[in-house]
Amino acid sequence: MLKSQKNKYTKEDPLEHDEYNFAYLDEQTKRMIRRAILKAIAIPGYQVPFSSREMPMPYGWGTGGVQVTASCLCPTDTLKVIDQGADDTTNAVSIRKFFEKTANINTTDDTNSASIIQTRHRIPEEPLKEGQILIYQVPIPEPLRFLEPRETETRIMHALEEYGLMHVKLYEDITKHGHISTAYAYPIKVEERYVMDPSPIPKFDNPKLHNNEALQLFGAGREQRIYAIPPYTKVISLDFEDYPFEPMKAEAICSICGSNSSYLDEIIINDKGDKSYICSDTNYCEKRK
Amino acid sequence: MNSSNNLYALENPEIENAFFFRQALNAISTPGKIFDLSCNLNTPNGLSKSAGSLLLCLCDFDTPIFLSETFNTDEIRKWITFHTNSNFTEKGNCKFALGNWEELLPFEKYQLGTDAYPDRSATLIINYEKISNNGTKLFGPGIKNYTYFNLPDEKKFKNNNSLFPLGLDFFFSYENKFAAIPRSTRIGEK
C-alpha cells in the first residue's frame, strides 16, 4: 500500500498522522519564524529577515505567505485563501489543499467565518474583525528596491528614515502623467516611521490597511522578509498636499451583483473587445447575488 | 504549578506549541490585554505555566537565555535545556530573559537592536504577580483607543518606547496569566 493511501490523519483525531508534521514545517523552523513574527509586530512596518525554507511550490506562488500561515495555524483554525480576491483560482485552490492535507484544518470561502485568510494581492471587501489574521504573499518586500537596488543602502535609508527618494518617484509620476500613476503596491507609512510596501494590492485597498481590526502579516519567501501591521495601527498612503492620495477603481458596476463600491476586474467578452466588469472578490459577489 | 517527575512537558508538542504561540501572537498584537493559558503543562517549581509556554514555543539553540537569580535553579535550567536545548548567558548576550522585575533591571544591559536591525533585541519575560488592567494608560498599535496596565515602573517603559524602533519587548507572566507590552506601546497620557 502506498503511504499516501494509508492516511490515518482523520478529522476526528487530528493528531494521529504520520505523513507530515502539523502544517508541514518542522518545529525548529516554526520557532524561528514565530520569533520573527513577534519582532515584526513589535516594530510595525519594519522588515524582519528570516531564514526562508524551500517549500513544495515555486517561488512566486506564495511561499512566504505559506510559511507565515503554517507558523500561525492551530488545528481549530478555519482558513480562507484568495488570489486576486478569488477563492477558486489555481494558486488559492492549491494552497488551501496544501493546508487541508498537511494540517487537516477546516477551510472556507466565507470571509466572515475565516480565522486566518491568506491573500495574494487583495484585501477582502467585507470588513475584517478583531481576532482575524490576514496574511499577504509578498513578491518584493522592499518599497525602495526599484529606486535603490543595493540592500546595504536601503537598510541605511530605513535606519535614517530617509524616504525623500520615494517622494521623488511619486513626484516624477505627476510630472510625466499629471497625477500619481502608481496604481498598485502603493507605498505607505506605518505609525509615522517605516515606509512599507503593502504588496501589490490595488491602491483601492490602501485605506483598508489603516486602523484595521485584524492583524496583518506579510511574508516574502524568496526575499526572506516578514513584516506586520498590528490591529488599530495608523497607516497613511504617501502623497502631496496638492496631489492627495486617491483610491481608484473602474467607473462601472459589477455585471453579476451590481455592486458599485467593490473593486472590479475587467473582462473582454467578445472578439470586438467589448468589456464587462465583475467583482474581484468572489465571495463578496456571491453573497450579494 | 506542578513539581513534575513527568519527562514530557507536552503530549503533542506541535499542536500545543501552536496554541501557545497563537496566545503569544494575540498578546503582542493587543498590548496590555491579559490572556489566560488553559492547558496541561508540567513546569518545574518556580516557573509559571505561562512563562514556560513562551519558552517552549519560542526558544531553541539559537536563543541564549538569561535567568535571573531566583530562576537560576537546577530544576529550571534542566527543564529548559531538556525541552528547548537553549544555552544560558548574561544579560548582554541573551535573546530572552526570565526573572523577577528587580532582578532583570537595568534595561540598558540588554541588546536593544541596532538602527539597521532593530529586531536584534532581547525579549524580557517578567514574572509579575500584579498583572491587572488598571494603572498606567497605554496607547499605540494594537490598542483600540486606549487601555490600562499596572506597569511596575512607568518611567522605564516610557523611556524604552522613546528609543523606538530600538528597544526591548516584554511579556508579563504569572501562573496561567500573561500579557505583552512591545516597544511600540506608548505609555501614559496622550
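A quick note: this is a predicted structure, and the numbers were derived from the prediction, not measured. (Residues numbered from 1 in each chain as written. Chains lettered and ligands numbered in written order. Predicted model: local features only at pLDDT ≥ 70, side-chain atom pairs only at ≥ 80, totals over all residues.)

## Digging into the overall build of chain A
Of the regular secondary structure elements, chain A holds 7 helices and 12 strands. Taking 19 Å as the expected radius of gyration for a compact globule of 289 residues, we find that chain A reaches 20 Å, a close match to that expectation. Considered along the principal axes of its C-alpha atoms, chain A spans approximately 65 × 50 × 35 Å. For chain A, buried positions account for 46% of its 289 residues. (Helix = DSSP H or I, 4+ residues; strand = E, 2+ residues; numbered from the N terminus. Rg over C-alpha atoms; globule rule 2.2 N^0.38 Å. Buried ≥ 20, exposed ≤ 12 C-beta atoms within 10 Å, placed from the backbone.)

## Quick word on the overall build of chain B
Within chain B, the secondary structure is distributed over 5 helices and 9 strands. If you list the helices and strands of chain B from N to C, you get α-β-α-β-α-β-α-β-β-β-α-β-β-β. Here chain B has a C-alpha radius of gyration of 16 Å; the compact-globule value for 190 residues is 16 Å, and the two agree. Considering chain B as a whole, with its 190 residues, one finds that 47% of them fall into the buried category. Contacts in chain B between residues at least 24 apart in sequence constitute 69% of all its contacts with a sequence separation of at least 6. (Contact = placed C-beta atoms within 7 Å.)

## What about the packing of helix α1 (residues 27-42) of chain A against helix α2 (residues 63-72) of chain A?
Residue and element names in this part refer to chain A. Where α1 contacts α2, the two axes come as close as 9 Å, and the packing angle between them is 95°. By the angle between their axes, α1 is roughly perpendicular relative to α2. Contacts from K30, I33, R34 and I37 in α1 reach Q67, V68, A70 and S71 in α2. Considered class by class, the residues forming the contact of α1 with α2 number 4 nonpolar, 2 polar and 2 charged. (Axes fitted to C-alpha atoms, helices over the stretch in contact; angles between N-to-C directions. Parallel < 35°, antiparallel > 145°, perpendicular 65-115°, else oblique. Nonpolar A, V, L, I, M, F, W, Y, C, P; charged D, E, K, R; others polar.)

## Details of the interface of chain A and chain B
Residue-level contacts link 32 residues of chain A with 31 residues of chain B. Of all the secondary structure elements, the ones that give two or more residues to the side of chain A that touches chain B are α1 and α4 (151-159) of chain A. Top element by residues in the side of chain A that touches chain B is α1(A). It accounts for 11 residues. Along the lines of polarity and charge, the residues of the side of chain A that touches chain B split into 21 nonpolar, 3 polar and 8 charged.

## Concerning the pairing of strand β5 (residues 136-139) of chain B
Residue and element names in this part refer to chain B. One ladder, built from 3 bridges, connects β5 with strand β6 (residues 147-149); its direction is antiparallel. Across the sheet, residue T136 finds its bridge partner in β6, namely F149. Pairing of β5 with strand β9 (residues 186-187), which is carried by 2 bridges, proceeds in the antiparallel orientation. Opposite L138, over in β9, you have I187 as the bridge partner. (Pairing = 2+ DSSP bridges.)

## Details of the sheet that holds strand β1 (residues 35-36) of chain B
By way of backbone hydrogen bonds, the strands of a sheet pair with one another, either parallel or antiparallel. Residue and element names in this part refer to chain B. The strand order β1-β8-β7-β4-β3-β2 describes an open sheet built from 6 strands, whose pairing is mixed. Looking at the sheet topology across the chains shown, the edges are occupied by β1 and β2 (65-67). Where helix α1 (residues 13-29) meets the sheet, it contacts β1, β7 (169-174) and β8 (177-181), and its direction lies at approximately 45° from that of β8.

## Examining the environment of A:T69
All names here are of chain A. Summarising the element assignment, T69 is placed in helix α2. Judged by the 29 C-beta atoms lying within 10 Å of it, T69 is buried. In the structure, T69 is positioned 150 residues away from G219 in sequence and 9.0 Å away in space, judged by C-alpha atoms. The residues touching T69, leaving out its near neighbours within four places in the chain, are F99, I116, Q118 and I135.

## Structural notes on the confidence of the model for chain B
Across chain B, the average pLDDT comes to 93, with 95% of residues at or above 70. Under the prediction, the complex receives an ipTM of 0.95, its pTM being 0.94. (pLDDT = per-residue confidence, 0-100.)

## Remarks on the pairing of strand β4 (residues 123-127) of chain B
Residues and elements named next belong to chain B. Of all 5 residues in β4, 5 are buried; the element is thus mostly enclosed. Residues T123, I125 and N127 of β4 are buried on one face, and the alternating residues L124 and I126, pointing to the opposite face, are buried as well. As defined by bridge partners, strand β3 (residues 96-100) adjoins β4 across 5 bridges and the pair is classed as parallel. Residue pairing for β4: F96 is matched across the bridge by T123. Relative to β7, β4 is paired through 5 bridges, and the arrangement is parallel. Its bridge partner being in β7, N127 is matched across the sheet by S173.

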